[in-house]
Every structure is written in C-alpha cells, then in structure tokens.
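Now for the letters of each chain:
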Amino acid sequence: MKDWAKNLKAGDKVIVTTNLKGERISTVQGITPKGFIRVDGMLFYTNGSQRTNSWYFSHIEEYTEEKAEQMRQKLVISNALSKMRNYNSNYLDYEMAVKILEILSQKESEDTE
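### Quick notes on the nonpolar core
Inference 1: Counting 11 residues, the largest nonpolar core is built from Trp 4, Ala 5, Leu 8, Val 14, Val 16, Val 28, Ile 37, Val 39, Met 42, Phe 44 and Ile 60.
Inference 2: Of all the secondary-structure elements, those providing two or more residues to this core are helix 1 (3-6), strand 1 (13-18), strand 3 (37-39) and strand 4 (42-44).
Inference 3: Ile 37 has contacts with Ala 5, Leu 8, Val 28, Gly 30, Ile 31, Met 42, Leu 43, Phe 44, Tyr 45, Thr 46 and Ile 60, leaving out every residue within four places of it along the chain.

Given below as structure tokens:
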C-alpha cells in the first residue's frame, strides 16, 4: 500500500495514466467497502494499479501541484508541435518564419553551451 493512497477519499485529485490516453488529472469518486479506489468508473488497488484483466490499463499516482504543472507544460509543448506540423507555406509568412528560426536558434545555442 502506498502511504498517499491509504488516505484518499471521494473528491481528492489523482493523476491517472493510461496506455492510450496518457496522463490526466481526475477525481476520486469513492472508496469501495473492499478498499478499492474508484476513479472515472475504474477500480484501483491501493498500490495505484488498475483492477482489470484487459489490455487497456491505467494506474493512478499522487496528485501534486508540481506534477500538475509539468503536465500543463507538456501539453503546451505538444500543442505547439502539433500546430507547427500542420503549418505549411500557405499559412506561414516570412515574419513568422524569422521569429520561429530566432527562437529555435536561441535554444540550439543554449544547448551547446
């Protein structure tokens, strides 16, 4: 049993990680009489692993503001990369291209220092 999990109650936040959808913040719906943690209609053991026999699996972990901020930052980065993949010369003008190259060049310089 994980120490943080034994004190969970309905309404507490947890981080749910799945093999298909990645990470998300969710809320504990309740604790069953047998001690399973119910989140998003799924049951979890107190070690964080999902009670399932499916190929689709999830686990829960302790919610912290630091972890939530890391998730938000990863989402912003993912969104930026997605938008850049969808851009082509019909949408990207010269000024935007110059700004993007300046930002990327600055990052490359920082990485080589």
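### As for the sheet that holds strand 4
Inference 1: Spatially, five strands are ordered 4-3-2-1-5 in an open sheet, and the strand pairing comes out antiparallel. Here the strands that pair on one side only, and so sit at the sheet edges, are strand 4 and strand 5 (58-62). The sheet shows a mean angle of 45 degrees between the axes of neighbouring strands, direction not considered.
Inference 2: With three bridges joining them, strand 2 (residues 22-31) and strand 3 adopt antiparallel strand pairing. Note that in strand 3 the partner of Val 28 across the bridge is Val 39.
Inference 3: The strands touched by helix 2 (residues 65-86) are strand 1, strand 2 and strand 5; relative to strand 2, the strand with the most contacts, the crossing angle is about 140 degrees.

### Remarks on the side chain of Thr 17
Inference 1: For Thr 17, the location among the structural elements is in strand 1.
Inference 2: For Thr 17, a relative accessible area of 16% translates into the label buried.

### Remarks on the pattern of salt bridges
Inference 1: By the definition in use, this model includes seven salt bridges.
Inference 2: A salt bridge links Glu 23 to Lys 67, with the shortest nitrogen-to-oxygen separation between them at 2.8 Å. A residue pair is termed long-range when its members are at least 10 positions apart, and Glu 23 in strand 2 and Lys 67 in helix 2 qualify at 44 residues.
Inference 3: A residue is classified by how much of its surface remains accessible, and Glu 23, at 27% relative accessible area, is partly exposed.
Inference 4: For Lys 67, a relative accessible area of 19% translates into the label buried.
Inference 5: When salt bridges that share partners are traced, they join Glu 23, Lys 67 and Lys 74 into one network.

### Focus on the confidence of the model for the chain
Any segment with low pLDDT has predicted coordinates that should not be analysed in fine detail.
Inference 1: The predicted model of the chain averages 88 in pLDDT, with 97% of residues at 70 or higher.
Inference 2: Across the chain, the secondary-structure element scoring lowest on mean pLDDT is helix 3 (residues 94-112), at 83, and the one scoring highest is strand 3, at 96.

### Focus on a nonpolar patch on the surface
Inference 1: A cluster of nonpolar residues, Ile 77, Leu 81, Met 84, Tyr 87, Tyr 91, Leu 92, Met 96, Ile 100 and Leu 104, forms a patch on the protein surface that exposes about 820 Å² of accessible area.
Inference 2: Of all the elements in the fold, those that place two or more residues in the nonpolar patch are helix 2 and helix 3.
Inference 3: Examined against the element boundaries, Met 84 turns out to sit in helix 2.
Inference 4: Owing to a relative accessible area of 43%, Met 84 belongs among the partly exposed residues under this scheme.

### A word on the environment of Lys 83
Inference 1: Locating Lys 83 in the fold gives a position in helix 2.
Inference 2: Spatially, the C-alpha atom of Lys 83 lies 38 Å from that of Asn 47, the residues being 36 residues apart in sequence.

Basis of the calculations
Along each chain, numbering runs from 1 in the same order as the chain's sequence is written. Where local features are concerned, this predicted model is filtered to residues with pLDDT of at least 70; where side-chain atom pairs are given and counted, the filter is 80 or more; whole-chain, interface and lining totals use all residues. Where side-chain values are given, they derive from all heavy atoms of the structure, hydrogens and water being excluded. Side-chain atoms within 4.5 Å link the members of a nonpolar core, which is a set of buried Ala, Val, Leu, Ile, Met, Phe, Trp, Tyr and Cys residues. Each residue's exposure class comes from its accessible area (1.4 Å probe, protein chains only) as a fraction of the maximum for that residue type: buried when under 20%, exposed when over 50%, partly exposed otherwise. The secondary structure listing takes helices from DSSP runs of H or I that are at least 4 residues long and strands from runs of E that are at least 2 residues long, numbered from the N terminus. Between two residues, a contact is recorded if the distance between any of their heavy atoms is within 4.5 Å. At least two bridges found by DSSP between two strands is the condition for calling them paired. Axis lines are fitted through C-alpha atoms, for helices just across the contact stretch, and the angle between N-to-C directions can take any value from 0 to 180 degrees. Salt bridges are defined by distance alone: a side-chain nitrogen of Lys or Arg within 4 Å of a carboxyl oxygen of Asp or Glu. Residue-level confidence of the predictor, termed pLDDT, takes values from 0 up to 100. Like charges within 9 Å and nonpolar side chains (Val, Leu, Ile, Met, Phe, Trp, Tyr) within 5 Å are joined into patches, using only residues over 30% in relative accessible area that form no salt bridge. Per-residue and other accessible areas were derived by the Shrake-Rupley procedure at a 1.4 Å probe size, with only the shown protein chains allowed to occlude residues.

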